[in-house]
Amino acid sequence: MDFGYSEEQVLFSNSLQKLLSDSYNVDVRRALVEDGPGYSEDVWKAFAEMGLLALPFPEDMGGFDGTSVDTMVVAIELGRHLALEPYVPTVVMAGSALKLAGSDAQKTDLIAKIISGDLKMAVALTEPGSRFDMADVTTRAVANGDDYIISGSKSVVLGGDLADKIIVSVRTSGDTRSEDGLTLFIVDANADGVSRETYSLLDGRGGADIHLENVRVPASAVLGTLDQAWSVMEHVADQASAALCAESLGAFEKVNELTLEYLKVREQFGRPIGKFQVLQHHMADMVIEYEHARSLVCQSSMKADSEDAAERGKAVSSTKVYLGEGGHKSCQSAIQLHGGIGMTAEYELGDFVKRMAISEVLFGDVDHHLVRFGKLSYLD
Amino acid sequence: MDFGYSEEQVLFSNSLQKLLSDSYNVDVRRALVEDGPGYSEDVWKAFAEMGLLALPFPEDMGGFDGTSVDTMVVAIELGRHLALEPYVPTVVMAGSALKLAGSDAQKTDLIAKIISGDLKMAVALTEPGSRFDMADVTTRAVANGDDYIISGSKSVVLGGDLADKIIVSVRTSGDTRSEDGLTLFIVDANADGVSRETYSLLDGRGGADIHLENVRVPASAVLGTLDQAWSVMEHVADQASAALCAESLGAFEKVNELTLEYLKVREQFGRPIGKFQVLQHHMADMVIEYEHARSLVCQSSMKADSEDAAERGKAVSSTKVYLGEGGHKSCQSAIQLHGGIGMTAEYELGDFVKRMAISEVLFGDVDHHLVRFGKLSYLD
Amino acid sequence: MDLNYSAEEEAFRQEVRTFLKEKFPQDIGDKTRAGKRYSNVDNGRWQAALYANGWDVPSWPVEHGGTNWTPVQADIFDEECFAVGAPRMVPFGTRLVGPVITNFGSDAQKKKYLPAIRNGDHFWCQGFSEPGAGSDLASLKTRAVLDGDEWVVNGQKTWTSSAQYANWIFCLVRTNTEVKNQEGISFLLIDMATPGVTVRPIVLISGEAPVNEVFLEDVRVPKENLVGEVDMGWTYAKFLLGNERTGIAGVGAGKADLVELKRIARVERKNGKPMIEDPLFQARLSRLEIDLKALELTNMRMLSEVGDGNPGAFASMLKIRGSELQQRFSELQMEATGAYALPWQQGPLEADWNGKAVGPDHAAPRAPLYYDRRKTTIYGGSTEVQKNIITKSLLGL
Amino acid sequence: MDLNYSAEEEAFRQEVRTFLKEKFPQDIGDKTRAGKRYSNVDNGRWQAALYANGWDVPSWPVEHGGTNWTPVQADIFDEECFAVGAPRMVPFGTRLVGPVITNFGSDAQKKKYLPAIRNGDHFWCQGFSEPGAGSDLASLKTRAVLDGDEWVVNGQKTWTSSAQYANWIFCLVRTNTEVKNQEGISFLLIDMATPGVTVRPIVLISGEAPVNEVFLEDVRVPKENLVGEVDMGWTYAKFLLGNERTGIAGVGAGKADLVELKRIARVERKNGKPMIEDPLFQARLSRLEIDLKALELTNMRMLSEVGDGNPGAFASMLKIRGSELQQRFSELQMEATGAYALPWQQGPLEADWNGKAVGPDHAAPRAPLYYDRRKTTIYGGSTEVQKNIITKSLLGL
């Protein structure tokens with residue numbers, strides 16, 4: 001049993017930390033969000049150079065054959081530094097969809113471009129009325145000769161603003177909300193009939209609603225088996241959740257650091273406020289939450305590659321529930337312990353808090369994963 | 001708007017308080033539970049003399065035409081003093097069942113005896129497998145000439161150990177778990193075929209499981225309308241819940257008094273433990289819970305007489321939920337703030353805590369009333 | 001015991017409703033329901049309507065325009081206002097400095113300031129908190145030194161709500177450094193147009209900038225602008241802070257929040273059914289509604305028992321619970337909205353915006369409101385400070 | 001990173017399972033599962049089985065019978081024991097005083113006491129807490145004064161577990177009143193048969209009397225029964241209290257609790273379906289299981305990183321969470337049982353009882369267990385004391 005990083009992981013974690021510390025500060029980040037493209041192309045290129053974009057891919061395709069634990073190591077640093085780059089949608093989500101279901105041609109075509117930093121992708125699994133139920137798909141594809149014609153809308157797609165290609169879940173047969181009859185298509189973001197409402201999410205990263213109106217794609221755009229995408233979708237969502245939880249953990253660490261520091265320097269009633277026992281115990285609770293969340297993040301990243309959907313789902317849902325609740329509560333405590341300063345946009349605390357909110361909600365909120373965990377655990 | 005007691009209420013509250021302070025102390029009470037009949041016949045007679053047993057009954061039957069607010073005033077004192085007498089089952093529950101559904105003959109016969117202190121009663125509404133669903137009745141009555149033959153079992157009947165007569169809910173038609181087809185019967189506790197498993201509840205008061213095996217009762221034993229008992233059962237349970245919550249509030253007040261006193265006298269690390277901010281704030285939370293619970297108890301007692309089942313049900317379920325959670329948590333805090341001494345049976349804290357546990361669970365726990373409140377509030 | 005309103009109280013409620021129906025600007029109510037931000041003009045229009053009806057300064061002495069309402073009436077008024085979506089009245093003139101001037105001000109001050117508050121000429125803000133003096137307000141450092149007939153003020157105030165709109169500010173300033181913290185403070189009225197007053201808005205995590213830093217650099221204030229006696233400002237400040245009886249609990253606002261929450265929960269769907277029928281969500285909603293009812297009743301108990309027992313600690317309880325409920329409402333509204341609460345949309349919150357918001361109509365205000373509400377347990381005496389008050393004044397620990 | 005057990009560890013687990021299957025008295029496991037109370041004989045039989053296998057004192061030095069297990073092995077052993085329903089080993093001899101004697105005792109003490117612990121001749125209890133010294137243990141007042149070759153001990157101990165069965169007690173006694181609290185304490189071994197030792201059981205709100213008051217009146221104790229140096233007892237006590245690595249979190253016990261909880265929730269029915277399918281109940285159960293997993297993994301992290309970083313604060317976290325989980329398990333078991341948890345049935349908890357219990361089989365132990373578990377956040381350093389430790393040692397506040 002070993003909870004530590006491997007030597008390699010320590011190495012690329014440190015390099016990434018250095019890169020992000022050097023590239024980003026609060027002003028640079030905010031300028032990218034408010035005035036710029038919402039991410040740094042330089043940092044993305046640096047990721048490519050460091051091999052981070054190649055991490056989970058097979059060696060024979062230029063990758064490093066890494067695991068979800070490796071991407072977890074990356075994601076923790078992304079969260080710690082509030083990095084804006086679409087690593088999770090491109091490398092973790094589209095990456096795993098390609099690995100799990102891609103044809104040789106698709107892999108050959110796309111993975112190399114992801115690794116070189118020339119292709120950004122996103123995966124669109126939810127719809128405006130579907131809440132977190134990925135089986136509730138009304139976007140439809142109709143066969144037309146050798147092509148398919150796709151129409152429908154996908155909602156709150158992480159990285160959907162930057163993606164060159166988008167993997168879209170589409171109903172090709174079966175009833176709405178059935179897990180059968182779903183198919184993944186790879187759609188060019190600039191194809192005729194594709195329109196995007198793009199926006200910044202709470203934490204400054206980009207997202208989009210994607211509208212498809214009679215979008216024509218060839219049969220070769222099908223990713224995986226027709227009508228049988230459900231298990232791939234679930235796996236991709238689990239890997240995305242595991243990575244987002246790791247990001248959240250990195251942000252959580254910073255939230256605690258900032259708060260502890262503030263308790264030491266802020267004085268009221270003639271002494272540091274950290275001398276007040278009630279505030280001490282709130283801080284202790286935050287640390288306890290963090291340490292337990294960290295244990296679960298390790299576990300869900302360990303299990304995220306598993307083919308055993310129940311085992312993987314339980315681990316991921318556990319982390320979503322635990323971090324969703326404990327992180328949420330800790331963020332509230334952090335603001336409370338800071339007092340007024342914690343309410344100001346200028347101070348960085350709120351940015352970390354909002355980053356954690358994204359991880360809490362995307363791919364299912366606490367209630368969603370609580371029910372999922374229960375189903376996987378107690379129903380025979 | 002007025003949250004105060006009337007002059008009369010102040011008067012009988014004070015008399016009752018004096019009676020119970022004089023009659024009971026921890027040793028007397030425990031002796032009654034461990035060696036005695038589980039209650040004090042002298043105190044019961046004194047209740048009769050003070051008119052407490054006549055409180056809710058019509059004036060023309062020798063009563064005082066009191067409301068549920070009057071019985072609330074009594075119940076709060078019963079809770080404060082941990083009185084053992086079966087006031088709630090006899091006066092509140094059987095009393096309201098008789099008032100709501102009794103024939104003139106039944107009223108004439110029974111109410112006078114309750115008022116004089118010569119008759120104790122209980123109402124049996126739940127069964128071993130029914131949890132808190134009072135419609136889930138498998139006890140059945142079959143007509144046999146002019147009589148009915150009843151068979152079945154009723155569970156955890158408050159005051160069922162002492163009752164001379166027991167009002168029992170019985171299925172006379174309809175499917176299990178249907179609200180239609182239920183009938184109340186007045187059964188003599190010593191009738192052939194009635195057997196009782198009697199016991200003390202957590203708090204020392206008596207209860208019983210009642211088994212009926214081919215118990216023959218005349219048609220005149222039917223209380224109210226055949227097959228149509230549901231609305232009466234609900235009303236009786238609401239009045240019982242309101243009264244038990246009032247008892248719980250009285251006990252809650254004592255829990256807080258004991259804890260606050262202990263914080264002031266117990267010293268550790270060279271000062272009263274009440275000087276530690278964390279303990280102060282826990283105590284403040286308990287007081288806040290108490291004050292809000294008190295407001296709701298007033299409301300549910302005000303509404304307990306209402307014929308509007310939805311309005312009444314929402315008020316009562318609110319109190320059950322709030323006091324069930326806030327009281328529960330406060331009891332846990334109280335033991336924690338006391339430390340070891342709070343764990344000892346000799347100290348009286350535990351007795352109050354256990355009294356509150358009875359009110360929390362009987363006639364539906366927090367989850368039961370949370371769902372009931374939701375149904376009454378949000379389903380059109 | 002009777003928890004119902006009296007016939008007189010019900011009649012008063014009817015009177016308020018009629019007034020609101022006729023005189024409250026409906027477009028402001030629409031903004032409230034849509035979660036849009038008010039303009040300062042909106043507040044002015046609403047105050048003018050109240051003024052015209054003689055209801056703008058209910059808590060003042062009758063001779064200055066007060067209504068002599070009972071606490072219950074004041075509460076009914078509040079509740080009905082929230083029900084139609086009226087903005088919470090900016091309290092600084094009418095509820096805060098006004099009563100201080102009526103109680104402690106000179107005749108000249110009364111004559112000058114009170115009418116100006118009512119007719120909207122003076123729009124006030126409150127200069128209490130400082131960067132180093134938040135929960136520990138008495139440690140404030142802004143200095144006022146008498147120089148001839150003028151106080152020369154130097155220092156910095158912060159968290160000053162509405163300072164960007166206000167033309168007057170009432171400040172706590174240190175006039176004596178030789179005595180204990182609380183004893184050397186005075187209560188000073190400052191024209192914001194005076195040279196040396198600078199306002200810098202503070203953007204909050206909600207995206208709004210409702211509060212400001214106010215810098216005071218050699219600001220010269222006429223001697224007669226000091227209220228009451230020199231060095232007695234702490235007394236007036238305590239009066240001001242303890243003067244609020246209604247509105248602490250925010251019951252009216254809570255009821256409006258509940259209406260919006262239920263509306264969202266009927267629109268949003270989960271597993272093919274309205275969210276409001278989801279067992280876990282419904283349980284949380286039920287708890288919240290029950291807690292609001294407990295707060296409402298407890299608030300009514302305080303109102304009906306005013307002056308009795310220990311209202312100070314009671315007010316602290318209501319502040320603690322009321323602020324927590326405000327937070328939980330915004331939290332559950334955000335939760336009900338799901339992933340569409342995640343896009344950060346400030347545009348749709350502006351009154352003059354006419355683009356298309358992402359997601360359902362109710363989505364855009366959710367996250368900003370949630371983050372804004374985090375302040376409720378911090379300002380006006382944080383939850384921790386309120387519990388300290390309960391500890392000392394009620395528990396005697 | 002690899003959260004799986006190594007092959008060696010899995011092999012060890014297999015070895016433990018085989019041992020338990022063959023040697024653990026099944027009737028004791030039945031008692032555990034039925035929530036019945038153990039007799040002292042039960043504990044003795046279990047310890048004898050361990051002794052015979054050389055597993056009775058795993059944490060001792062090998063020359064005295066220790067096993068040299070890694071922390072992970074010790075944890076596996078614990079977990080497997082709980083899985084079959086083995087009673088938690090009475091720790092006072094094997095886990096507490098034993099290591100103190102092996103580390104700080106004289107050769108004569110080692111020779112006299114260590115074998116007697118192992119063969120069951122000596123059954124120990126711990127005399128630390130006093131009526132006025134609970135969380136503030138160092139303020140203890142029991143005095144030991146040297147008179148010739150004997151210490152004369154006067155004072156009172158309380159919360160002494162198992163004192164009614166024990167024939168030896170190790171006590172902290174004050175041997176010097178001239179120095180600071182911590183510095184004047186010694187560690188003394190007392191034969192309970194000595195005149196002047198009186199034991200009075202304390203009945204708890206669970207109905208059980210697992211703890212006692214121990215009165216010491218002019219108890220004459222041979223000089224050589226003092227462990228280590230005079231006035232150095234606080235050091236040994238800290239060693240003893242900090243010596244526990246495994247079992248703090250109670251993960252093994254939690255897993256057994258979870259099994260029982262799920263069993264009850266499948267038997268109990270609500271709305272015509274097993275309780276385990278009720279949405280609100282299931283959500284609470286899920287949270288609890290998730291929290292247990294988080295605790296288990298965090299415990300494993302501590303074990304795999306022992307000696308690294310700050311195990312003191314880590315142990316405090318595990319104690320806080322572990323004790324809360326124990327409470328929540330008993331709470332949810334009670335809740336699942338509904339109204340049948342309300343009859344107070346002590347009889348069915350006794351091993352020799354053969355009446356009929358009221359309600360389902362699992363009902364009788366529920367309330368007693370719930371009330372008993374309230375102690376877990378109080379003893380062994382209360383939650384508040386543990387948070388103070390985290391505050392100081394980890395946070396540096």
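Quick notes on the rules
- Throughout, a residue's number is its position along its own chain's written sequence, starting from 1.
- Here the convention is simple: chains get letters from A, ligands get numbers from 1, in the order in which they are written.
- With pLDDT at 70 or above as the cut-off, local features in this predicted model cover only qualifying residues; side-chain atom pairs require 80 or more to be listed or tallied, and sums for whole chains, interfaces and linings still use all residues.
- The basis for every side-chain value is the complete set of non-hydrogen atoms in the structure, without hydrogens or water.
- Helix and strand labels come from DSSP, where a helix needs a run of H or I of at least four residues and a strand needs a run of E of at least two; each type is numbered from the N terminus.
- The globule rule is 2.2 Å times the number of residues to the power 0.38, and the radius of gyration it is compared with is taken over C-alpha atoms.
- For each residue, the accessible area found with a 1.4 Å probe, counting protein chains only, is set against the maximum for its type, and the residue is called buried under 20%, exposed over 50%, and partly exposed in between.
- Only heavy atoms matter for contacts: two residues are in contact if any of them lie within 4.5 Å across the pair.
- The Shrake-Rupley method, run with a 1.4 Å probe sphere, supplies the accessible areas, and residue values consider only the shown protein chains as cover.
- Positive: Lys, Arg. Negative: Asp, Glu. His and the chain ends are not part of the count.
- Lysine's charge is taken at NZ, arginine's at CZ, aspartate's at CG and glutamate's at CD.
- The axes used here are C-alpha line fits, helices contributing only the stretch in contact, and every angle between their N-to-C directions lies in the interval 0 to 180 degrees.
- For classification, angles of less than 35 degrees are called roughly parallel, those exceeding 145 degrees roughly antiparallel, those between 65 and 115 degrees roughly perpendicular, and all remaining angles oblique.
- Each crossing is labelled by how the near helix is turned from the far one, with a counterclockwise turn of less than a right angle marking it left-handed and a clockwise turn marking it right-handed.
- Under the grouping applied here, Gly and all other residues not named as nonpolar or charged are polar, the nonpolar ones being Ala, Val, Leu, Ile, Met, Phe, Trp, Tyr, Cys and Pro and the charged ones Asp, Glu, Lys and Arg.
- Only strands that DSSP links by at least two bridges are regarded as paired with each other.
- The start and end points of each domain follow an automatic or database-based domain assignment.
- Two parts placed together each lose some accessible area under a 1.4 Å probe, and the buried area is that loss summed for both.
- Counted as salt bridges are all cases of a side-chain nitrogen of Lys or Arg within 4 Å of a carboxyl oxygen of Asp or Glu.
- Throughout this description, a polar contact denotes any pair of N or O atoms lying within 3.5 Å of each other; where both atoms belong to protein, one of them has to be capable of donating a hydrogen while the other can accept it, and for residues adjacent in sequence the pair is counted only when both atoms sit in side chains.

*Asks:* I keep staring at the overall build of chain A and nothing clicks. Help me out?
*Replies:* When helices and strands are tallied, chain A shows eleven helices and ten strands. The C-alpha radius of gyration of chain A comes to 21 Å, within 12% of the 21 Å expected for a compact globule of 380 residues. Along the first, second and third principal axes, the C-alpha set of chain A runs to 80 × 50 × 40 Å. Taking all 380 residues of chain A together, the buried fraction comes to 65%. Contacts in chain A between residues at least 24 apart in sequence constitute 75% of all its contacts with a sequence separation of at least 6. Per element, the accessible surface of chain A, about 13,000 Å² overall, is 48% carbon and sulfur. Within chain A, the 58 negative side-chain charges are centred at a point lying 4 Å from the centre of the 33 positive side-chain charges.

*Asks:* I tried to follow the side chain of Glu296(C) on my own but got confused; where do I start?
*Replies:* Residues and elements named next belong to chain C. Along the chain, the position of Glu296 falls in helix α9 (residues 279–304). The class for Glu296 is buried, based on a relative accessible area of 9%. Discounting chain neighbours no more than four positions away, the residues touching Glu296 are Glu79, Val251 and Lys255.

*Asks:* How should the packing of helix α7 (residues 230–265) of chain A against helix α9 (residues 309–338) of chain A be read in this particular structure?
*Replies:* Packed helices, taken two at a time, are described by the angle their axes make and the gap between the axes. Residues and elements named next belong to chain A. Put simply, α7 and α9 touch, their axes get as near as 9 Å, and they point 25 degrees apart. The orientation of α7 with respect to α9, classified from their angle, is roughly parallel. Our pair here, α7 against α9, has a crossing hand that is left-handed. Residue classes in the contact of α7 with α9 are distributed as twelve nonpolar, ten polar and four charged.

*Asks:* It is not clear to me how the pairing of strand β1 (residues 124–127) of chain D should be interpreted in this structure. Could you clarify?
*Replies:* Looking down a regular strand, the side chains alternate between one sheet face and the other. Residues and elements named next belong to chain D. Side-chain alternation along β1 places Trp124 and Gln126 on one buried face and Cys125 and Gly127 on a second face that is also buried. Of the strand pairs in this sheet, β1 and strand β4 (residues 168–174) are connected by four bridges, and their pairing is parallel. Paired with Trp124 across the strands is Trp168, a residue of β4.

*Asks:* Can you help me understand the domain arrangement of chain C in this one?
*Replies:* Residues and elements named next belong to chain C. Under the domain assignment, chain C is made up of domain 1 (7–89), domain 2 (123–230) and domain 3 (249–395). Taking the mean C-alpha position of each, domain 1 and domain 3 sit 21 Å from one another. Counting residues at the interface gives twelve residues for domain 1 and 17 residues for domain 3. Summed over both partners, the interface of domain 1 with domain 3 buries about 1,200 Å², with 52% contributed by carbon and sulfur atoms. If you look at where domain 1 meets domain 3, you find two salt bridges. Our count for the domain 1 to domain 3 interface comes out at six residue pairs in polar contact (both at pLDDT 80 or more). Of the residues forming the side of domain 1 that touches domain 3, the biggest block, five residues, is contributed by helix α4 (residues 71–83). Per-class residue counts for the side of domain 1 that touches domain 3 are four nonpolar, one polar and seven charged.

*Asks:* Would you take a moment to explain the interface of chain B and chain C for this structure?
*Replies:* With 44 residues of chain B at the contact, the number on the chain C side is 41 residues. Buried area between chain B and chain C, both sides added, is near 3,900 Å², and the carbon and sulfur share of it is 64%. Three residues stand out in chain B for area buried against chain C, namely Met1(B), Phe3(B) and Tyr378(B), and they jointly supply 23% of the buried area on that side. The tally of links between chain B and chain C comes to four salt bridges.

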